[in-house]
Amino acid sequence: VPAECFAKRWDVLINCLGEGTLGRAHLFKGNSDIYAVDQHMSICRGATVGVGSYLYQAVASPKGQEAIESLKTGSTGMTMLNISKLRDFNVLWPGSGLVEAYFQIVEAVWDRVANNEQQSLTLASLRDTLLPKLISGEIRVANS
């Protein structure tokens, strides 16, 4: 798999196929670049990490989602977003200095979001492991 097909921290991943989820954006906040992105997703990588974060905000906003919705092609059930149309997507650009200053402020918030998402996955896994054992009586909780 080519190196450019792996998600990197602060990449924006955009779903390019399917009804209902087309154009949905995700800001990849992982610290690893071992996750390959499938052919139905487009990776939008900013020149800097601040650009990636800003791009995500623009694309994921209601106005950005509306603009992406207007770019889709195909029939019901097989709707797609052509990568060339996505490349022509216009974003209001406030300038590099402002974008990087913005990122310096929001980076800690994004790190907290990533930490909370990971913690939520860990807790859900623990719940899914323990709940069946509690229901079956395999383990018991002591009364206090």
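Here the structure is a predicted model, which is why all the values come from computation and not from measurement. In this numbering scheme, every chain counts its residues from 1 along its sequence in written order. pLDDT decides what is reported in this predicted model: residues at 70 or higher carry local features, side-chain atom pairs at 80 or more are listed and counted, and totals for whole chains, interfaces and linings draw on all residues regardless. For side-chain calculations, the full set of non-hydrogen atoms in the structure is used, while hydrogens and water are omitted.

A. Spatial organisation of the overall build of the chain. Under the scheme used here, helices are H or I runs from DSSP no shorter than 4 residues and strands are E runs no shorter than 2 residues, and both carry numbers assigned from the N terminus. Of the regular secondary structure elements, the chain holds four helices and three strands. The order of helices and strands in the chain, counted from the N terminus, is β-β-β-α-α-α-α. Values of the radius of gyration come from C-alpha atoms, whereas the globule rule sets the reference at 2.2 Å times the count of residues to the power 0.38. In summary, the chain has a C-alpha radius of gyration of 19 Å against a globular reference of 15 Å for 144 residues, an excess of more than 25%. In the chain, of all internal contacts separated by at least 6 residues, the share reaching a separation of at least 24 is 68%. A total of about 9,700 Å² of accessible surface is found on the chain, and carbon and sulfur atoms cover 57% of it. Residues count as neighbours in contact if any of their non-hydrogen atoms are within 4.5 Å of one another. With residues, only the protein chains shown are counted as cover, and all accessible areas are computed by Shrake-Rupley using a 1.4 Å probe.

B. Region of the structure containing the layout of surface pockets. Think of a 1 Å grid over just the protein atoms. A cavity is a set of points where a 1.4 Å probe fits yet cannot get out, a pocket is an open set with protein on both sides within 12 Å along at least five of seven lines, and lining residues have an atom within 4 Å of a point. Grid points are joined across faces, edges and corners, and a volume is the space filled by probe spheres set on the points. Roughly 290 Å³ of volume is contained in the largest pocket. Residue lining of the largest pocket: His 26, Phe 28, Lys 29, Gly 30, Tyr 35, Ala 114, Asn 115, Glu 117, Gln 118 and Leu 121, and that is the complete set. A per-element tally of the lining of the largest pocket places helix α4 (residues 96-136) first, with five residues. Class assignment of the residues belonging to the lining of the largest pocket gives a composition of four nonpolar, four polar and two charged. We call Asp, Glu, Lys and Arg charged. Ala, Val, Leu, Ile, Met, Phe, Trp, Tyr, Cys and Pro are nonpolar, and the rest, Gly among them, are polar.

C. Representation of the sheet that holds strand β3 (residues 41-44) in the model. What the three strands build is an open sheet, ordered β2-β1-β3; its pairing is antiparallel. Both edges of this open sheet fall to β2 (25-27) and β3, since each of them pairs with a single strand only. On average, each strand axis in the sheet is tilted by 25 degrees relative to the strand beside it, whichever way the strands run. Strands qualify as paired when DSSP identifies two bridges or more between them. For strand β1 (residues 12-15) and β3, the ladder comprises four bridges, and the chain directions are antiparallel. Across the sheet, Ile 14 pairs through a bridge with Ser 42, a residue of β3. With axes taken as lines fitted to C-alpha atoms, and helix axes fitted only over the stretch in contact, angles between N-to-C directions fall between 0 and 180 degrees.

D. Geometry of unusual backbone geometry. The residue Trp 10 is not glycine, and still its phi comes out positive at about 80 degrees. Looking at the secondary structure, you find Trp 10 in the segment before β1.

E. Helix α1 (residues 49-60), seen in detail. Under the convention used throughout, the expected extent of a helix is 1.5 Å for every residue step, that is, one less than its residue count. Counted at 1.5 Å a residue, the expected span for α1 with its twelve residues is 16 Å, and the 17 Å between its end C-alpha atoms agrees. Every buried residue belonging to α1 is among Gly 50, Val 51, Gly 52, Ser 53, Tyr 54, Leu 55, Tyr 56 and Val 59, and all of these are buried. Looking at the buried side of α1, the elements it contacts are β1, β2, β3, α2 (62-69) and α4. Exposure categories follow from relative accessible area, calculated using a 1.4 Å probe and restricted to protein chains: below 20% of the type maximum is buried, above 50% is exposed, and the middle band is partly exposed.

F. Seen up close, the packing of α1 against α2. Remark: α1 packs on α2, axes separated minimally by 4 Å, with the N-to-C direction vectors making an angle of 70 degrees. By the criterion of interaxial angle, the relationship of α1 to α2 is roughly perpendicular. Facing α1, whose interface residues are Ala 58, Val 59 and Ala 60, α2 presents Pro 62, Gly 64, Gln 65 and Ile 68. Considered class by class, the residues forming the contact of α1 with α2 number five nonpolar, two polar and no charged. Orientation is classified from the angle alone, with under 35 degrees giving roughly parallel, over 145 giving roughly antiparallel, 65 to 115 giving roughly perpendicular, and any other angle giving oblique.

G. Main features of the pattern of salt bridges. Take a side-chain nitrogen of Lys or Arg and a carboxyl oxygen of Asp or Glu: if they are within 4 Å of each other, that pair is a salt bridge. In this structure the tally under the stated criterion is five salt bridges. One salt bridge in this structure joins Arg 9 and Asp 111, with 2.3 Å as the shortest N-O distance. Here the residue Arg 9 occupies a position in the segment before β1, and Asp 111 occupies one in helix α4, the gap between them amounting to 102 residues. Owing to a relative accessible area of 31%, Asp 111 belongs among the partly exposed residues under this scheme. The residue Glu 117 makes a salt bridge to Lys 29 at a minimum N-O spacing of 3.5 Å. Pair noted here: Glu 117 is in helix α4 and Lys 29 is in the loop between β2 and β3, with a separation of 88 residues, a long-range link.

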